[in-house]
Amino acid sequence: MLAFLLLWPGFACALTVDIEPGFRHQFVGKGMDYLEDGSGLLEIEAILQRNDWQPFSNRELNFGFSTSAYWMRFNITNRTQLTQRLIIENRFPLLDHMTFHFRRGDSAFTAESVGDGFPATDRKTLHSHFLMPLELAAAESVEVVIRVQSASGLQIPIVVWEQNAFIETDHVLSILYGVLYGLLLAMGLYHLLIFYSVRELSFLYYALFNFSILGAYSCLHGVSSAYLWPHSIVASDLFIMLTISAASLFAALFVNSILQIPQSRPRLAKLIRFLVQGAIIMIVGSLIVPYGIMVKWVLGYMGITMIVMFVALLLRLLDGYPPAKYIFLGGVLSSIGFSIATLGSIGIIAATPATEAAGYAGIIAMSMLDAFALSYRMNMDRQLRQDTQAELIENQRQTNTNLDRLVRERTEELEIANTLLLQISNTDALTQLHNRRHFDEIFAAEFKRAFRDKTPLSILLVDIDHFKMINDTYGHPFGDVCLESAASFIRASIRRPPDFAARYGGEEFVVLLPNTEIAGALHIAATIRDKFNTSSVQEADLQIVITVSIGLAAVVPGPSDSPASLLKTADLLLYQAKKKGRNRIESRIE
């Protein structure tokens, strides 16, 4: 009878997890029976009658990529005198379907399903990993049979936890995840801001690489499926393919840029260009090709990219290029961290939060050393530019010393003459204000500056009221005196060096006010009008008070604005001021 019971597959089970006093956790892998269901159609009753179960010899179950369903079984026995609250955890959150079958004593099996193929909101416990709570009474045993089937890799790290031990360890891991995510996010945002400032593409590639790694880790840890899109069953599969492909893309672009491979290794640069094109194909393919097919291509492509990046780093290291050694060191530290984490996961060394943290520490070290290499490269470029510029300046100084001594006097004479000619050509002979041609040049330049700096620009068109009547009544010589006085009134009303006044034509003047909002421009316009109203024009026995009408337009130039449109607006406002009775100001903000 004993032999019969041991040989009967329905009762024989190679592994039993004993819950002793002080129990905290146990990895369930080595010694556990498993069976492959190639059809994926067998139910638990048929599975238990099979006699081809095999014991697993490693610490963590990993069957690679397979379309088969895999069954595993083990027992859990409470050998204490207290009720034990346990948690069965699967630490690989990308499995599509995972069904737990429980049988207590002679009762029938009960089943609970979890997995990435179900919305996270359907889980008993909303967590980034798949958790199955289990309560055992004193001296009670439970038989556990698990069925797993997935389009992703069949990695099945199962751990049986005492509930409080799980909470304590999970708290530590949550802190580790937070540190990793925070540093990757901070590094990405910081270098994105630097790119915005200096427009150096290496900073952009590095920032996007950090964001891609952050997105991939959030999927691998199950954080995105549990907390970002808990109602979706396809978003995580799509997102991890996109982020892994993007990480390969931006890693290739970053290495190609920071190591200056096109300048130093043109043939290698062509290979990296092919990698970039392949990454783009992977990204597009992730959107249209089924996940089960695409995941193998993406992971294979990622492996090829890593090999090519290693070769590129090694070659530039042999070239003696300084930034290469920091990136290479980051790769070495990252590999060491992953090795420690892997050795812990397969049981060669004791698995603790510290061994898992080693992998994350490697990623952080790689990220920081890559950032240091980028800064080092920027310093090299700046120093090279400074040295080159200094050498050119010194050569030019030595070359020009003798020539400067010979031509200095003649140059000074020519400069004086040119300055005088320029002043004459830019000045209105009658009013001594700037003329229309000079105004057009300054107006165009100030408009471009205001557009570039996003600062306001105001313009005043000032026209003497009833000037034709003044000419007809008092004669043109007195009209010229009025124009000269008007110019002096306007000149006295503007104070800042950038403010610009010119005779626009006839009895019309223009005042340009850079970096001046509508309120400040109205103040200047009112000052000009008041100056005219409180001053008189006198010539011999003639003395009159002249008034002006002013059209004021202000704008912070945008893409659709132009100097002509601003001037036209001011002209229309001047016309309105004339039409409304003269001696007034009409204004508008464009």
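Our structure's up above, just so we're on the same page.
Attention here is on the structure that accompanies the text. On a predicted model such as this, the values are computed, not experimentally measured, just so you know.

1. Observations regarding the overall build of the protein
Move 1: Secondary structure assignment for the protein yields 16 helices and 20 strands.
Move 2: In terms of overall dimensions, the protein has a C-alpha envelope of 145 × 65 × 45 Å along the principal axes.
Move 3: Residues counted as buried form 46% of the 590 residues belonging to the protein.
Move 4: A sequence separation of at least 24 residues applies to 74% of the contacts in the protein between residues at least 6 apart.
Move 5: Computing the positive centroid from 48 side-chain charges and the negative centroid from 56, the protein places the two 4 Å apart.

2. Some details on the pairing of strand β6 (residues 69-78)
Move 1: Among the 10 residues that make up β6, 9 are buried, leaving the element largely enclosed by the rest of the structure.
Move 2: Where strand β1 (residues 16-19) and β6 come together, 4 bridges link them in parallel fashion. Among the inter-strand pairings, I19 is bridged to a residue of β6, identified as N78.
Move 3: Inspection of the sheet shows strand β3 (residues 33-37) paired to β6 by 5 bridges, in the antiparallel sense. Residue pairing for β6: D37 is matched across the bridge by A69.
Move 4: In this structure, β6 lies alongside strand β11 (residues 141-149), joined through 8 bridges in antiparallel fashion.

3. Regarding the environment of L542
Move 1: Structurally, L542 is set in strand β18 (residues 542-544).
Move 2: The class for L542 is partly exposed, based on a relative accessible area of 31%.
Move 3: For L542 and Y474, which are 68 residues apart along the polypeptide, the C-alpha to C-alpha distance reads 8.5 Å.

4. Things to note about the nonpolar core
Move 1: In this structure, F74, I76, I88 and M98 are the most contacted members of the largest nonpolar core, which totals 95 residues.
Move 2: The greatest single-element share of this core, amounting to 13 residues, is contributed by helix α6 (residues 235-258).
Move 3: The residues contacting I76, other than those within four sequence positions of it, are V17, I19, L86, I88, L134, L136, E140, S141, V142, V144 and V160.
Move 4: Counting residues in hydrophobic clusters, the runner-up holds 33 residues, among them L433, L460, A486 and F532.

5. Considerations on the packing of helix α12 (residues 436-453) against helix α16 (residues 563-579)
Move 1: Between α12 and α16, the least distance of the axes is 10 Å, while the angle of their chain directions is 110°. With respect to α16, the axis of α12 lies roughly perpendicular. Contacts between α12 and α16 involve F439, F443 and F447 from the former and P563, L566 and L567 from the latter.
Move 2: Taken together, the residues of the contact of α12 with α16 sort by class into 6 nonpolar, no polar and no charged.

6. Some points on the pairing of strand β15 (residues 500-505)
Move 1: Burial of β15 is extensive: 5 of the 6 residues sit out of reach of the surface.
Move 2: Pairing of β15 with strand β16 (residues 508-514) involves 5 bridges; the strand directions are antiparallel. Paired with F500 across the strands is L512, a residue of β16.

7. Some words on the sheet that holds strand β2 (residues 25-28)
Move 1: On the basis of which strands lie adjacent, the open sheet formed by 4 strands has the order β2-β13-β7-β10 and antiparallel pairing. The sheet is open, and its two edges are formed by β2 and β10 (130-136), each paired on a single side. Within this sheet the neighbouring strands show an average axis-to-axis angle of 20°, counted without direction.
Move 2: Sheet topology places strand β7 (residues 84-90) next to strand β13 (residues 158-162); 5 bridges connect them, and they run antiparallel. Its bridge partner being in β13, N90 is matched across the sheet by I158.
Move 3: Sitting on the sheet, helix α3 (residues 163-198) is in contact with β7, β10 and β13, with an inclination near 110° to β13.

8. A short note on a nonpolar patch on the surface
Move 1: There is a patch of nonpolar side chains on the surface, built from L238, I280, V284, L287 and I288 and spanning about 470 Å² of accessible area.
Move 2: Considering every element that reaches the nonpolar patch, the biggest residue donor is helix α8 (residues 266-288), with 4 residues.
Move 3: Assessed through its relative accessible area of 44%, V284 is described here as partly exposed.

9. Some points on the sheet that holds β15
Move 1: With mixed pairing, 5 strands are arranged side by side in an open sheet as β15-β16-β14-β19-β20. Edge positions in the sheet fall to β15 and β20 (585-589), since each of these pairs with one other strand and no more. Strand-to-strand twist of the sheet, defined as the mean angle between neighbouring strand axes without regard to direction, takes the value 15°.
Move 2: Relative to the sheet, helix α14 (residues 476-493) contacts β14 (457-464), β15 and β16, its axis offset from that of β16 by approximately 15°.

10. As for the pattern of salt bridges
Move 1: According to the stated counting rule, one finds 24 salt bridges in the structure shown.
Move 2: For D319, the salt bridge identified is with R316, shortest N-O distance 3.0 Å.
Move 3: For R316, a relative accessible area of 7% translates into the label buried.
Move 4: With a closest N to O distance of 2.8 Å, D499 and R496 form a salt bridge.

11. So, the packing of α8 against helix α9 (residues 291-318)
When two helices pack together, their arrangement is captured by the angle between the axes and the distance separating the axes.
Move 1: The interhelical angle for the contact between α8 and α9, taken along N-to-C directions, is 160°, at an axis separation of 11 Å. Put simply, α8 runs roughly antiparallel to α9. Crossing handedness for the pair α8 and α9: left-handed. Mapping the contact onto sequence places L268, L271, I272, L275, V276, G278, A279, M282, G285 and S286 in α8 and M294, W297, V298, Y301, I304, T305, V308, M309, A312 and L315 in α9.
Move 2: In the contact of α8 with α9, the residues fall into 16 nonpolar, 4 polar and no charged.

12. Digging into the packing of aromatic side chains
Move 1: Under the definition given, this model contains 19 aromatic pairs.
Move 2: Note on Y177 and Y181: the rings are 6.2 Å apart at their centroids and 20° apart in plane angle, and the pair reads as stacked. You can see Y177 and its partner Y181 sitting in helix α3, 4 residues apart, about one turn around the helix.
Move 3: Note on Y181: relative accessible area 16%, which makes it buried.
Move 4: Considering the side-chain rings of F372 and Y376, the 6.3 Å spacing of their centres and the 45° angle between planes classify their relative orientation as tilted. Here Y376 and F372 lie together in helix α11 (residues 353-426), a separation of 4 residues that amounts to about one turn.
Move 5: Over the ring of W53 we find R73, and its NZ or CZ is 4.2 Å from the ring centre.
Move 6: Above the ring of F451, the side-chain terminus of K454 is found at 4.5 Å from the ring centroid.

Rules of the game
- Residues numbered from 1 in each chain as written.
- Predicted model: local features only at pLDDT ≥ 70, side-chain atom pairs only at ≥ 80, totals over all residues.
- Heavy atoms only, no water.
- Helix = DSSP H or I, 4+ residues; strand = E, 2+ residues; numbered from the N terminus.
- Buried < 20%, exposed > 50% of the residue type's maximum accessible area, 1.4 Å probe, protein only.
- Contact = heavy atoms within 4.5 Å.
- Lys, Arg positive; Asp, Glu negative; His and termini not counted.
- Charge placed at Lys NZ, Arg CZ, Asp CG, Glu CD.
- Pairing = 2+ DSSP bridges.
- Core = buried A, V, L, I, M, F, W, Y, C linked by side-chain atoms within 4.5 Å.
- Axes fitted to C-alpha atoms, helices over the stretch in contact; angles between N-to-C directions.
- Parallel < 35°, antiparallel > 145°, perpendicular 65-115°, else oblique.
- Nonpolar A, V, L, I, M, F, W, Y, C, P; charged D, E, K, R; others polar.
- Patch = residues over 30% accessible without salt bridge, like charges linked within 9 Å, V, L, I, M, F, W, Y side chains within 5 Å.
- Areas by Shrake-Rupley, 256 points an atom, 1.4 Å probe, with all protein chains shown as cover.
- Salt bridge = Lys/Arg side-chain N within 4 Å of Asp/Glu carboxyl O.
- Left-handed = near helix turned anticlockwise from the far one by under 90°.
- Phe/Tyr/Trp six-rings, centres within 6.5 Å; stacked < 30°, edge-to-face > 60°.
- Lys NZ or Arg CZ within 6 Å of the ring centre and 35° of its normal.

Any link to function would need more than the numbers given here.
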